[in-house]
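Survey of secondary and tertiary structure
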Amino acid sequence: MDYTGQKFLQNCGDYLIIDKKSDKKERTRYLWEAHFEGYTKKLYVRQDNFSKGNVHNPEKPDKYGFLCDEKNVDKNIYFVWKDMERRCYDPNDASYARYGAKGVKVSEEFKIYSKFKNWYINNYGDPPYGVLELDKDCLSTLKNLSNKMYSAETCILIPPHINTFLSTLGKGIYVTPSKTFCVRLRRKYQKENKNFKTLEEAISFKKEKDFKYLEILLDVENIQDYRRELLEKYVKIFEYSSNIC
């Protein structure tokens, strides 16, 4: 069937106009040249996608206000960008309960892919760009800002192992059946299992071990720039609550 000149309503609320059948193929399927009504950007789309309304208008923000304004994206940076969107706004995402459901949002600047990409590159270093993760707690705490916002003012890029370690701060102390307080750590480079009579003693010991483990990770990841100082300050001032157990 020839779809040339036909309009198809898409899930984004815009009409996709099919211009002509393309010479391009995706595997064994020919693509169609198309553009959205009121927009001029040329698209190449599959028939099964546009007939079901699954083509997104690349010149229009998605339902959460995010706009990918570049055709050729860096896959690693794009992954970090989209993962940030999903955990903050998509109720079906596995991490939404710990982020979006608790009021964590993304700044308007970071919702634009090109702006996020430029920030990522400026804060990463030399290419190629592997996957570093976003941390919003360290910098926001040191600046006395809310940690409920992903933004250029509140975020730094850190390796996944260090990001995972930061999530364990304030954890790892347990009350034993004999009413003592046990610090139990099962980290890659640090194993501990020690009991204390008071919670204060356990917290003091845990804080010391946390800082030593951070130093190990910083050396393993060869982080010698401004991030090292920020992370060291953050771990030193991190406050353990009295109801940690």
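Relevant structure appears above.
First, a word on what this report is: a plain description of the structure on this page.

Procedures and definitions
Residues numbered from 1 in each chain as written. Predicted model: local features only at pLDDT ≥ 70, side-chain atom pairs only at ≥ 80, totals over all residues. Heavy atoms only, no water. Disulfide = S-S within 2.5 Å. Buried < 20%, exposed > 50% of the residue type's maximum accessible area, 1.4 Å probe, protein only. Pairing = 2+ DSSP bridges. Helix = DSSP H or I, 4+ residues; strand = E, 2+ residues; numbered from the N terminus. Axes fitted to C-alpha atoms, helices over the stretch in contact; angles between N-to-C directions. Contact = heavy atoms within 4.5 Å. 1 Å grid on protein atoms, 1.4 Å probe; cavity = no way out; pocket = protein on both sides within 12 Å on 5 of 7 lines; lining within 4 Å. Points joined across faces, edges and corners; volume = space filled by probe spheres on them. Polar contact = N/O pair within 3.5 Å; in protein donor to acceptor, adjacent residues only side chain to side chain.

1. Remarks on the state of the cysteines
Tallying each qualifying case throughout the model produces 0 disulfides. In this model Cys-138 remains outside any disulfide bridge; the closest cysteine sulfur is found in Cys-155, 11 Å from its own. Judged by its relative accessible area of 0%, Cys-138 falls in the buried class. With no disulfide partner, Cys-155 has as its closest neighbouring cysteine sulfur the one in Cys-88, 9.3 Å distant. Judged by relative accessible area, which is 3%, Cys-155 ranks as buried.

2. Some words on the sheet that holds strand β10 (residues 181-187)
On the basis of which strands lie adjacent, the open sheet formed by 3 strands has the order β9-β10-β11 and antiparallel pairing. Two strands close off the open sheet at either side, each with one partner strand: β9 (173-175) and β11 (190-196). Here the strands of the sheet are splayed against their neighbours by 20 degrees on average, with no regard to which way each runs. As judged from the 3 bridges shared by β9 and β10, these two strands associate in the antiparallel manner. What sits directly across from Tyr-174, in β10, is Cys-182. Contacts from helix α6 (residues 199-220) reach β9, β10 and β11, with the element oriented near 15 degrees to β10.

3. Some thoughts on the environment of Lys-206
In this fold, Lys-206 is placed in helix α6. Of the residues examined, Lys-206 reaches a relative accessible area of 0% and is grouped as buried. Expressed as a C-alpha distance, the spacing of Lys-206 and Gly-13, which sit 193 residues apart in the sequence, is 53 Å. Beyond its immediate chain neighbours, meaning those up to four positions away, Lys-206 contacts Thr-168, Leu-169, Gly-170, Lys-171, Gly-172, Ile-173, Val-183, Leu-185, Arg-187 and Tyr-240.

4. Focus: the pairing of β11
Here 7 bridges tie β10 to β11, and the two strands are oriented antiparallel to one another. Residue Phe-181 lies in a different strand from β11, and its bridge partner there is Phe-196. Counting the residues that bridge the hairpin from β10 to β11 gives 2 residues.

5. Focus on unusual backbone geometry
Notably, Lys-179 is not glycine yet its phi reads approximately 70 degrees, a positive angle. Looking at where Lys-179 falls in the secondary structure, it is placed in the loop between β9 and β10. Phi at Asn-222 is positive, roughly 55 degrees, even though this residue is not glycine. Position of Asn-222 among the secondary structure elements: in the loop between α6 and α7 (226-237).

6. Re the layout of surface pockets
Approximately 920 Å³ is the volume attributed to the largest pocket. Around the largest pocket, the lining is made up of 28 residues, and of these Arg-98, Tyr-99, Lys-136, Asp-137 and Ser-167 lie nearest the centre. Taken together, the elements giving at least two residues each to the lining of the largest pocket come down to α2 (75-89), β6 (133-135), α4 (137-142) and α5 (160-166). Of the residues forming the lining of the largest pocket, the biggest block, 4 residues, is contributed by α2. Of the pockets and cavities examined, the second largest pocket occupies roughly 750 Å³.

7. A look at the pairing of β10
Every regular strand shows the same layout, with side chains that alternate between the two sheet faces. The element β10 is extensively covered by neighbouring structure, given that 5 of its 7 residues are classed as buried. Here β9 folds back onto β10 in antiparallel fashion, the turn holding 5 residues, of which Lys-179 has a positive phi close to 70 degrees.

8. Points about the side chain of Arg-187
Along the chain, Arg-187 turns up in strand β10. Polar side-chain contacts of Arg-187 include one of 3.3 Å to the side chain of Thr-168. Each residue touching Arg-187, except ones within four places of it in the same chain, is listed here: Phe-165, Thr-168, Lys-206, Lys-209, Asp-210 and Tyr-213.

Honestly, that's just the spatial picture; any functional story needs more than this.
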